[in-house]
Amino acid sequence: MFQLIAGITIAFFTVIGITEVFRCGLRYLLTPPEDRVTYVVRVHGRDEGVEYIVRALAFAAREQCAKNVPVIILIDDDMDAQTRQICDVLVGELGCVRVCKSQDIPRVINAEA
């Protein structure tokens, strides 16, 4: 009986170990380069989900790029006043978010480089 329980325990930890090694290997292979990563999100009209999208993107980007702070550029495509206010709050809170018009994209990207 002891040998059966010990065998099941060893098999369980072996499967977990192999899975963890595979997961770490994939994370190493899929990690973005050491350069700064820039994400661009177009915001149009009244977008109530922009806060959730940007916060999730910032969290995921910081998890992947632990060494560099990612840059999230929000393109103002005729967003309304409430959405603009949410974006301004995100700029202040997260620090890695920039808001610009579509004609200002080259200037903002070149300033971040």
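How each quantity is defined
- Residues numbered from 1 in each chain as written.
- Predicted model: local features only at pLDDT ≥ 70, side-chain atom pairs only at ≥ 80, totals over all residues.
- Heavy atoms only, no water.
- Patch = residues over 30% accessible without salt bridge, like charges linked within 9 Å, V, L, I, M, F, W, Y side chains within 5 Å.
- Areas by Shrake-Rupley, 256 points an atom, 1.4 Å probe, with all protein chains shown as cover.
- Salt bridge = Lys/Arg side-chain N within 4 Å of Asp/Glu carboxyl O.
- Helix = DSSP H or I, 4+ residues; strand = E, 2+ residues; numbered from the N terminus.
- Buried < 20%, exposed > 50% of the residue type's maximum accessible area, 1.4 Å probe, protein only.
- Phe/Tyr/Trp six-rings, centres within 6.5 Å; stacked < 30°, edge-to-face > 60°.
- Pairing = 2+ DSSP bridges.
- Right-handed = clockwise from strand over helix to strand, strands pointing away.

On to a nonpolar patch on the surface, then. A cluster of nonpolar side chains, Phe22, Leu26, Tyr28, Leu29 and Leu30, forms an exposed patch at the surface whose accessible area comes to about 660 Å². Mapping Leu29 onto the fold places it in helix α1 (residues 2-30). Take Leu29: its relative accessible area is 65%, and that puts it in the exposed class.

Now for the packing of aromatic side chains. The full count for this structure, using the stated rule, is one aromatic pair. For the ring pair Phe12 and Phe13, a centre distance of 5.6 Å and an interplane angle of 65° mean the geometry is edge-to-face. Its relative accessible area of 53% is what places Phe13 among the exposed residues.

Taken together, the five bridges between strand β2 (residues 71-77) and strand β3 (residues 97-101) define a ladder with parallel strand orientation. Bridge pairing in β3 links Leu74 to Val99. Handedness of the β-α-β unit built from β2, helix α3 (residues 81-94) and β3 comes out right-handed.

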